[in-house]
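# Analysis of the macromolecular model
Below, each chain spelled out in residue letters.
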Amino acid sequence: AAYVSAKNGKTMLDKLFKGEKSPPLWVPYADPGFMLAKKIAGLVDKYQKQYGEKPAIMFLEKHGLFVTAGSADAALRLVRKVINTCKSKLKEPKTDKVTRPKKKDIENAEAAIRYAILEATGAVLPVRFSTTNNIIAAFMRRKDAKKLLATPALNPDELVYANGSAMWLDNCDTMIISRKLKSLLAKGQKPAAAFVVENIGLFIAANEKTAPVIAEITIGSLFVRMQAQKFGGINALNKRQQDFINNWEAEAFRKQQVT
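Residues numbered from 1 in each chain as written. Predicted model: local features only at pLDDT ≥ 70, side-chain atom pairs only at ≥ 80, totals over all residues. Heavy atoms only, no water.

### Section: the overall build of the chain
Along its length, the chain carries eleven helices and seven strands. A globule of 259 residues ought to have a C-alpha radius of gyration of about 18 Å, and the chain, at 20 Å, matches this closely. With respect to the principal axes defined by its C-alpha atoms, the chain has extents near 60 × 45 × 30 Å. Going through the 259 residues of the chain one by one, you find that 45% of them count as buried. In the chain, 70% of the contacts between residues at least 6 apart in sequence involve partners at least 24 apart. Counting only carbon and sulfur atoms, one obtains 53% of the accessible surface of the chain, whose full area is about 14,000 Å². (Helix = DSSP H or I, 4+ residues; strand = E, 2+ residues; numbered from the N terminus. Rg over C-alpha atoms; globule rule 2.2 N^0.38 Å. Buried < 20%, exposed > 50% of the residue type's maximum accessible area, 1.4 Å probe, protein only. Contact = heavy atoms within 4.5 Å. Areas by Shrake-Rupley, 256 points an atom, 1.4 Å probe, with all protein chains shown as cover.)

Written as structure tokens, this is what we have:
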């Protein structure tokens, strides 16, 4: 995902798979559904004419990795091979010991976020401390952490399930959080469902069933944002792409399945 969400992602992948007889197929971003299927069909046809076979590996910009193989086991082996190749240029976060925040700090942050959401949206949502793992700790140590989260959602999943990028909070001032949420609403965006509080960790505002999904997507996004910054910067969904996904019935139905 770091490559398909980076401005120079395609260039990096071309270098990584340069020695392959049948290289991966790069698919420029297209709206999910018919338009994406149509674009893939056209590119696969051109690929087959050039290489004499259909691509086994496809990287879909702002979407992710797709593979095809003769069996499930073969597909899994191919996925592992691709991931290992891609990981060769990715730097894992340092594995320093991560200390759990103080209980009082967690409770204060939960309360501030919960009241801010109520004040800004009128909604009563449970807010829970999720975790502070190596990825989150490494992200919070970055001087550009706030800037990295200022960009929109990286992909449809982050937009649909987490309502977009996590909100960066330097501190837990209820009124400041409320103003940030109102600003999102004024722009026609949905209120953030994930919050990264500096020196504390990740908080999720959602029901018990949806919270783990949002947390997983957000942690993945933090990792991708750090890596994509090394590949020319983050290539997030633009306004038109966001509007399409937010108004697409298929995505709304998909979200209902986990709520």
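### Thoughts on the pattern of salt bridges
Between side chains of opposite charge, a pair can form when the charged atoms approach closely. Inspection of every chain in the model, using the stated rule, returns eight salt bridges. Between Lys182 and Glu119 there is a salt bridge, with its nearest N and O atoms 3.1 Å apart. Of the two residues, Lys182 is situated in helix H8 (residues 174-186) and Glu119 in helix H4 (residues 103-121); the sequence distance between them amounts to 63 residues. According to the relative accessible area criterion, Lys182 is partly exposed, its value standing at 37%. Using a relative accessible area of 39% as the deciding quantity, one classes Glu119 as partly exposed. One salt bridge connects Lys239 with Asp243, and the closest N-O pair in it is separated by 2.8 Å. Taken together, the residues span about one helical turn, with Lys239 and Asp243 both in helix H10 (residues 239-246) at a distance of four residues. Exposure remark for Lys239: the relative accessible area of 54% places this residue in the exposed category. By relative accessible area, which is 31% here, Asp243 ends up partly exposed. (Salt bridge = Lys/Arg side-chain N within 4 Å of Asp/Glu carboxyl O.)

### Comments concerning the sheet that holds strand E6 (residues 194-197)
Reading across from one edge, E4-E7-E6-E5 is the order of the four strands in this open sheet, with mixed pairing throughout. Looking at strand neighbours, the two that pair on one side only are strand E4 (127-131) and strand E5 (167-169), the edges of this open sheet. Along the sheet, successive strands turn relative to each other by an average axial angle of 30 degrees, direction set aside. Relative to strand E7 (residues 201-205), E4 runs antiparallel, the two sharing four bridges. Its bridge partner being in E7, Phe129 is matched across the sheet by Phe203. The sheet strands contacting helix H5 (residues 134-141) are E4, E5, E6 and E7, and the helix crosses E7 at an angle near 110 degrees. (Pairing = 2+ DSSP bridges. Axes fitted to C-alpha atoms, helices over the stretch in contact; angles between N-to-C directions.)

### Considering the packing of H5 against helix H9 (residues 211-228)
For any two helices packed against each other, the geometry comes down to the angle between their axes and how far apart the axes lie. Look at H5 against H9: their axes get within 9 Å of each other, and the N-to-C directions meet at 50 degrees. The angle between H5 and H9 places the two elements in the oblique class. Read as a crossing pair, H5 and H9 show a hand that is left-handed. Here Ile135, Ile136, Ala138 and Phe139 of H5 lie close against H9, whose contacting residues are Ile219, Leu222, Phe223 and Met226. (Parallel < 35°, antiparallel > 145°, perpendicular 65-115°, else oblique. Left-handed = near helix turned anticlockwise from the far one by under 90°.)

### As for the environment of Ala69
Assignment of secondary structure puts Ala69 in the loop between strand E3 (64-67) and helix H3 (72-87). Each C-alpha atom of the pair Ala69 and Pro55 lies 9.8 Å from the other, and the pair is 14 residues apart in sequence. Those residues in contact with Ala69, other than ones at most four positions away along the chain, are Ala74 and Ala75.

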